[in-house]
Amino acid sequence: MNRRRSDGIDPVARSRSRRRALQAVYAWQMSGATAREVIAQFAHEQAHEVADLEYFEDLVLGVDKHCEDLDVALAPFLDRDIEQVDPIERAVLRIAAYELRQRRDVPYRVVINEAIETVKRFGSEHGHTYVNGVLDHAAAEWRSVEVQAPRTR
């Protein structure tokens, strides 16, 4: 069964890439290894699972490259310092912030939904509620035109 859309993107592979990126960013945050080292650690596992490897690497390297800017941009929407946010939720927020700010080709609703589903799977019991609130407010500011546009089906 071909899951690819007309633009060539496989949404299931992208979802897997985001889950792997979460694991990689989490490992990077906790270990102090470089993003490239973490990607190398995940490369073997990544090769055996249908995922969008290019997107996985873009997310991990993008968070690494823009981490300070992402943390500053997220700060107004957080109720605590970014380092006090649960590590899984912090990784998801950084990935989603990167997508919202740097990957305009990905609709904001997709970014938020994927972040929520990832936190539901890997995060704390109510972590998805926190992530949803932060990202809703961030998207309203960072993607205001897209957020305010009428929904079309």
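It should be emphasised that the depicted structure is a prediction, and the values quoted were computed from it without experimental measurement.

Per the counting criterion, the structure on display carries eleven salt bridges. Here Arg-90 and Glu-83 are joined by a salt bridge, their closest N and O atoms 3.6 Å apart. With a relative accessible area of 7%, Arg-90 lands in the buried category. Note that Arg-94 and Glu-83 form a salt bridge whose closest N and O atoms lie 3.2 Å from each other. With a gap of eleven residues between them, Arg-94 in helix 4 (residues 87–102) and Glu-83 in the loop between helix 3 (53–74) and helix 4 connect regions that are remote in the sequence. Of the residues examined, Arg-94 reaches a relative accessible area of 4% and is grouped as buried.

A separate point is the nonpolar core. Formed by 46 residues in total, the largest nonpolar core has its most connected members in Val-60, Leu-74, Leu-78, Leu-93, Leu-135 and Trp-142. With sequence-adjacent residues up to four places away left out, Leu-78 is seen in contact with Val-85, Leu-93, Tyr-130 and Val-134.

Take helix 5 (residues 108–122) next. With 15 residues, helix 5 should cover 21 Å at 1.5 Å per step; its first-to-last C-alpha distance of 21 Å lies within 8% of that length. Regarding helix 5, the residues found buried are Tyr-108, Val-111, Ile-112, Glu-114, Ala-115, Ile-116, Thr-118 and Val-119. Of the surrounding elements, those touching the buried residues of helix 5 are helix 1 (11–31), helix 4, helix 6 (127–142) and helix 7 (144–148).

What counts and what doesn't
Residues numbered from 1 in each chain as written. Predicted model: local features only at pLDDT ≥ 70, side-chain atom pairs only at ≥ 80, totals over all residues. Heavy atoms only, no water. Salt bridge = Lys/Arg side-chain N within 4 Å of Asp/Glu carboxyl O. Buried < 20%, exposed > 50% of the residue type's maximum accessible area, 1.4 Å probe, protein only. Helix = DSSP H or I, 4+ residues; strand = E, 2+ residues; numbered from the N terminus. Core = buried A, V, L, I, M, F, W, Y, C linked by side-chain atoms within 4.5 Å. Contact = heavy atoms within 4.5 Å. Expected span 1.5 Å × (residues − 1).

So far we have only geometry, and geometry alone does not tell us how the molecule works.
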